[in-house]
Each structure stands twice: as C-alpha cells, then as structure tokens.
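Here is what each chain is made of, one letter per residue.
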Amino acid sequence: MKILILGGNGMLGPPVIDNLSGRHELRITDINELETEHDYRQVDVSNLEQVVDAAEGMDAIVNLSVLRPHRQIAFDVNTRGNYNMAIAAKTHGIRRLINTGPHFQLAGRNYEEFNFELTPDMPPQPGTRLYAITKALGQEILKVFSEHEDIYVQTLLFYNFYDAETLSAPNGGPRIGTDLTPFSVSWTDAAQAIRCALELPFAKLPSRCETYYIFTDLPHQKFDNSKTRAQLGWRPRHFLEGVWTKPIA
Amino acid sequence: MKLLVTSANSRLGQIAGKALSATHDVTLTDLPQFAAAGDGVVANDLNHDEAMDDLVTGMDVVIFPGIESHTGDASWLIDHHTRRSYNVLRACVDAGVPHAIYLSTLQLLDDYEERLTVSERWRPLPSTEDEILAVHLGEYVFREYAREEPISTTILRLGFPIIDGDRAGAESVGSAAVATDDVGLAINATVEAGGDGYRLLHIQSPVPNARYLLGNAELAIGFPEQKESLAGEGAAR
Ligand SMILES: NC(=O)c1ccc[n+]([C@@H]2O[C@H](COP(=O)([O-])OP(=O)(O)OC[C@H]3O[C@@H](n4cnc5c(N)ncnc54)[C@H](O)[C@@H]3O)[C@@H](O)[C@H]2O)c1
C-alpha cells in the first residue's frame, strides 16, 4: 500500500515508520525538515493545496500531526488539517484515513473524572480544553465526510506512551510501582495498532467511521480496549506491569 | 440589557441588530474587513487578545450569527465558526457573561423526509457543503461551552430560506421557511428568557404543514406563541 503520513516527524512518527517500513511504500511529510530514506516532502497540514498535492497516488493517509497550545494554530492543524485530509481523500479517491488523537477528545473530563468502563463508542464530550476540542472538531469533520463519501475513517486514540524496556515515559522515568494513567501503551504496540488499522479489510469494519482506544491490557477497568482487540485484531505485547504493580521488598 | 452582536454587517447580523436595538443597548461588531468607518460597527478580529476581552466585558448576552453570516471558502468558514466562536466564548466566560446565542440552521436536518416529526431530539445530518459543515461545528463549540463552563448557550436553528418580511410572506415560500420578523421575535424572546444551561431551539415561521416541530421553542421562549394546549401539557409533565 502507498501510505502518506502527515506529521511524521514527531514522537509517534518514528515507531510508526519503523513498523510500516518494508511492508508498505511510505511518503512521509511534516512541517519540519527530516532526513529519511523514504520519500519525504515538507507539508503543512493546514495548507489545503499542499495536502492535496502530497496525497496524489496514495492508497491511505495516516495523520499524526498535532499542535497543542496555540489558540490559532491548534485550530489550523487539529481541526482544519483533518478537513484538508478529507478533501485530499475525496480528490484522489483515497478510501482509507487513519486519524489519531488523545483519548480526551472523546472521553473528556466529564467522562473521565466520573465514570469507569469507558468505551470508544460513546458520543464525544471533549469539553473546552483547546487540545481536546480542536481535535474533536477535526474528528467530527471526518465523521461527516464518512457519512457522505466513500471514505473509511479509523481513529486511534492514545494517551501515555512508554518505552517497553525501561518503563520510561517522555516526561521521565523509569516509573516503577507509581501506577499510571490507565490509558498507556508502549511505543511499539502503538505503532502496531496503526498497522492493524491500515491492513484491516474494509469488510470487517462495522461502519465507515470507527474509533479505537489504544492502551495495553490493564486491570483498572477505567477504559475498555476490547473493541480494539476484537475489530483490529490488535494484541499488545507489553503490559507495563512494573508500573502498576508494587515492588515487594 | 447590554448585548453584543457579532458579524453585525452580515445579513443575519443586521436582522439581529435591528430586532434588538429598539429595546436593548446593543453593540455591533464585525471583522475589520467588513466594518466601514463611521457605520457604527466596532471592528474586531475576534482573536485571542485584549480587544476581544474588552468587547464582551459588561455584556449580558452575546449573539453570534452562524448561518447567513459572512461567506468565504471552507477554510475561512471552518476557522470562523470554530476558532472565533471559541475565542468569543472563552472571553465571555472570563468576563462573566452569562448567556451566548448561536444562530444556526434547520438545514442540518434537511436530509430527513418531510413526513417525519423532526424535533430537537433528532440527530443533525450535516452535509459536507462548506457553510453547513462550518455551522454544524459552530454548534459543537457552543454545546461544549454550556457543558463545561459557567455560561449558558442557546442554539437557535432557523428555518430556510430566511425571507424578508412577515409570516404571511413565509407561507408561499416553503414548509421550512422563516420570515425575518420571526427571526427577530425569536432572538428577542431568547434574550428575554435568559440562558438555562444548554438550549437547542428550532425556529421557523408557523406556515401550514410546517416541516419542523417547535415544541422546545414554545415551552422555552413562547415562540411562535404560547398555545394553551401545549402550556397545559408542559405543566402536567
Ligand atoms: N505524545 C503523546 O503523549 C500523545 C498523547 C495522546 C495522543 N497523541 C496523539 O498522537 C499523535 C501523534 O502525536 P506525537 O506524540 O507524535 O506528537 P508530536 O507533537 O511529537 O508530533 C506532532 C508532529 O506534528 C507536526 N506538525 C505540527 N504542525 C504541523 C503542521 N502545520 N503541518 C504538518 N505537521 C505539523 C510536528 O512538526 C510534529 O512532528 C497525535 O494525533 C497526538 O494527538 C500523542
């Protein structure tokens, strides 16, 4: 498959590229420069023309781009970036879009602080946090397009990432016996989930717009990842037990 | 009351401004490219800045026209209805403005067949058409603010087409039409009623075989007029 990756030069990009290399033909893009053996283009996702041009000849688009804190650019990247991806798909007849975002674009504070057994099929309640609502609006755009066009949108939601060997997260570690946000996954398992989504036959998708929670099997029962296992056939390899079990002296 | 109307030089902004000015202290604002010197409209970009904060300070209600506001390409429209509405609402929350109104459209429910009893309880079915998609997203932002912040928001989904004049004129135009007189009436009544958490109200002129049910509007703001039977039903519940 020929796959366009948007925002491929961030934290999740490298493990995803590693995972897909050799199996698929990748066109990697980011607003930044990147040294890579793959086809690379500098693309600003908020620029419609650039996204449409970059998508020519592709079979699927994976959107890893994100901009969190800025009150203009967050909308440009997280909301309008998805509109641009949808138009690129429509323009070139690309049927598969893999979107990504944080779990709270769907399970916002009003869910997370109050409930357990949260599933990815709940109506989104992002609340008003800039990152959450801009990503949620981007997701809504894709949903509307999937209802009118022959476009399949699979949205993979993440929260915390861990290095499987060291149990370190980007903000520090190793974290032994500290407990974790019960929405955590290793980088390599996260990348594998994206591969599972890309390679899933359309016939196995219940609708043209499906969302998945990507976190490893955890005992908290705060969130529920069973849909990801059942539909994507994803099996996490790393369970991060060292973080959520206490070291016994 | 002190009111702010955004996009005041757009068609719906003008309708809202005119309808409210007789009984309220109305400030009109528009983006600099749409505001001419001396037209009584305050030029403001609705950006995340001090000018935005100053504009809403002391307001009782802010009215944000969605449909039939200014036009542009899809990127412009999406940006306007998401980012700018977000900025306006954030400034309102920070300044303690209690109520904001978004003027949306019943076109979000146009895909349902005419014979169906489409009320506010039916899921919107937006198309990918630029303005409709953008207005759908505008509703989204207003809904999340009501859900999570200390501000009430009301969405008025207006009939279509919006025709100049009174109810009689709407009758000949279509089963979903709304007359500008009725738009003004509904906006005024919504301002008077005050906010109540999150409200979603369908507004069209009461033409024969009217396409959309107006039960929420009747109960919340007495639009198009309070009917005895419905008032009784509401009280009985
Ligand atoms: N890292 C996390 O902790 C985390 C948590 C939850 C969800 N996610 C989601 O995972 C996905 C990947 O995130 P990440 O961790 O790699 O984020 P990141 O910030 O490390 O990378 C984002 C990439 O997007 C690029 N980008 C920003 N603006 C752009 C633009 N205008 N055009 C093109 N590219 C642009 C950046 O240059 C960067 O390379 C995102 O959807 C994010 O919301 C990440």
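Each value, and the rule that gives it
Residues numbered from 1 in each chain as written. Chains lettered and ligands numbered in written order. Predicted model: local features only at pLDDT ≥ 70, side-chain atom pairs only at ≥ 80, totals over all residues. Heavy atoms only, no water. Helix = DSSP H or I, 4+ residues; strand = E, 2+ residues; numbered from the N terminus. Buried < 20%, exposed > 50% of the residue type's maximum accessible area, 1.4 Å probe, protein only. Contact = heavy atoms within 4.5 Å. Areas by Shrake-Rupley, 256 points an atom, 1.4 Å probe, with all protein chains shown as cover. Rg over C-alpha atoms; globule rule 2.2 N^0.38 Å. Lys, Arg positive; Asp, Glu negative; His and termini not counted. Charge placed at Lys NZ, Arg CZ, Asp CG, Glu CD. Patch = residues over 30% accessible without salt bridge, like charges linked within 9 Å, V, L, I, M, F, W, Y side chains within 5 Å. Salt bridge = Lys/Arg side-chain N within 4 Å of Asp/Glu carboxyl O. Buried area = accessible area lost by both parts, 1.4 Å probe. 1 Å grid on protein atoms, 1.4 Å probe; cavity = no way out; pocket = protein on both sides within 12 Å on 5 of 7 lines; lining within 4 Å. Points joined across faces, edges and corners; volume = space filled by probe spheres on them. Nonpolar A, V, L, I, M, F, W, Y, C, P; charged D, E, K, R; others polar. Pairing = 2+ DSSP bridges. Right-handed = clockwise from strand over helix to strand, strands pointing away. Core = buried A, V, L, I, M, F, W, Y, C linked by side-chain atoms within 4.5 Å. Expected span 1.5 Å × (residues − 1). Bend = angle between axes of the 7 residues up to and from the residue.

Secondary structure assignment for chain A yields eight helices and nine strands. Along the first, second and third principal axes, the C-alpha set of chain A runs to 60 × 40 × 40 Å. Within the span of chain A, comprising 249 residues, buried residues form 56% of the whole. Sequence-distant contacts, at least 24 apart, represent 67% of the contacts inside chain A between residues at least 6 apart. Accessible area of chain A: about 10,400 Å², with a carbon and sulfur share of 48%.

Another point: the overall build of chain B. Secondary structure summary: chain B contains eight helices and nine strands in total. By the compact-globule yardstick of 18 Å for 237 residues, chain B fits well, its C-alpha radius of gyration being 17 Å. Every one of the 237 residues in chain B was classed for burial, and the buried ones make up 58%. The long-range fraction of contacts in chain B, counting pairs at least 24 apart against all pairs at least 6 apart in sequence, stands at 66%. Per element, the accessible surface of chain B, about 9,100 Å² overall, is 49% carbon and sulfur. The centroid of the 17 positive side-chain charges in chain B is displaced by 6 Å from the centroid of its 36 negative side-chain charges.

Here we take up a negative patch on the surface. Residue and element names in this part refer to chain B. On the surface, Asp-45, Asp-49, Glu-50, Asp-53, Asp-54 and Asp-94 cluster together into a negatively charged patch. Counting residues per element, the negative patch draws most heavily on helix α2 (residues 50-56), which supplies three residues. You can see Asp-53 is positioned in helix α2.

Before going further, it helps to examine the pattern of salt bridges. Pairs can form between side chains of opposite charge whenever their charged atoms are close. All names here are of chain A. On inspection of all chains with the given rule, the structure shows 23 salt bridges over all chains. Residues Arg-229 and Asp-217 are paired through a salt bridge, measuring 2.4 Å at the closest nitrogen-oxygen approach. Of this pair, Arg-229 sits in helix α7 (residues 226-232) while Asp-217 sits in the loop between β9 (209-213) and α7, and the two are twelve residues apart along the sequence. Judged by its relative accessible area of 24%, Arg-229 falls in the partly exposed class. Here the salt bridges do not stand alone but share partners, grouping Asp-121, Glu-210 and Lys-227 into one network.

The subject of this paragraph is the interface of chain A and chain B. The figure often quoted for interface size is the accessible area lost as the parts come together. On the chain B side, the residues contacting the 27 residues of chain A number 26 residues. Summing the contributions of chain A and of chain B, the shared interface buries around 2,500 Å²; its carbon and sulfur component is 59%. If you sort the residues of chain A by the area they bury against chain B, Arg-71, Tyr-83 and Thr-128 of chain A come out on top, with a joint share of 27%. The tally of links from chain A across to chain B stands at two salt bridges. If you list the elements that add at least two residues to the side of chain A that touches chain B, you get α3 (73-92), α4 (109-112) and α5 (130-148) of chain A. The element that contributes the greatest number of residues to the side of chain A that touches chain B is α5 of chain A, accounting for eleven residues.

Turning our eyes to something else, we now look at empty space enclosed by the protein. Under the criterion given, the structure shown has one cavity of 30 Å³ or more. What the largest cavity holds in volume is close to 30 Å³. As for the largest cavity, its lining consists of Phe-104, Gly-108, Arg-109, Pro-126, Gly-127, Arg-129 and Ala-132 of chain A together with Glu-148 of chain B. The residue inventory of the lining of the largest cavity, partitioned by class, reads three nonpolar, two polar and three charged.

Looking now at the pairing of strand β1 (residues 2-6) of chain A. All names here are of chain A. In terms of burial, β1 is largely enclosed, as four of its five residues are buried. Relative to strand β2 (residues 25-30), β1 runs parallel, the two being bridged by four bridges. Paired with Leu-4 across the bridge in β2 is Arg-27. Crossover handedness for the path β1 to helix α1 (residues 13-20) to β2: right-handed. Where β1 meets strand β4 (residues 60-63), four bridges bridge the pair, whose relative direction is parallel. Its bridge partner being in β4, Ile-3 is matched across the sheet by Ala-60.

Here we come to the nonpolar core. Ile-61 of chain A together with Ile-63 and Ile-203 of chain B are the most contacted members of the largest nonpolar core, which has 94 residues in total. Of the residues forming this core, the biggest block, ten residues, is contributed by helix α3 (residues 74-95) of chain B. With 31 residues, the next largest nonpolar core counts Leu-12, Ile-98, Phe-158 and Ala-197 of chain A among its residues.

Quick look at unusual backbone geometry now. In this structure, the amide linkage connecting Phe-160 of chain B to the following residue, Pro-161 of chain B, adopts the cis form with an omega of -5°. You can see Pro-161 of chain B is positioned in the loop between β6 (152-158) and β7 (162-163). Backbone torsion omega between Phe-223 of chain B and Pro-224 of chain B reads 0°, so that peptide bond is classified as cis. With respect to the helices and strands, the residue Pro-224 of chain B is situated in the loop between α7 (215-221) and α8 (228-236). A positive phi angle is found at Leu-240 of chain A, which is not glycine, with a value near 55°. Along the chain, Leu-240 of chain A falls in the loop between α7 and α8 (241-244). Among the residues examined, Leu-240 of chain A registers a relative accessible area of 4% and is labelled buried.

All names here are of chain A. In this model α3 runs 26 Å from its N-terminal to its C-terminal C-alpha over 20 residues, within 8% of the 28 Å that 1.5 Å per residue would give. The sharpest bend along α3 reaches about 40° and sits at Arg-80. When you tally the buried positions in α3, you get 16 out of 20 residues, the bulk of the element. Following α3 by one or two positions, Gly-93 adopts a phi angle in the positive range, close to 65°.

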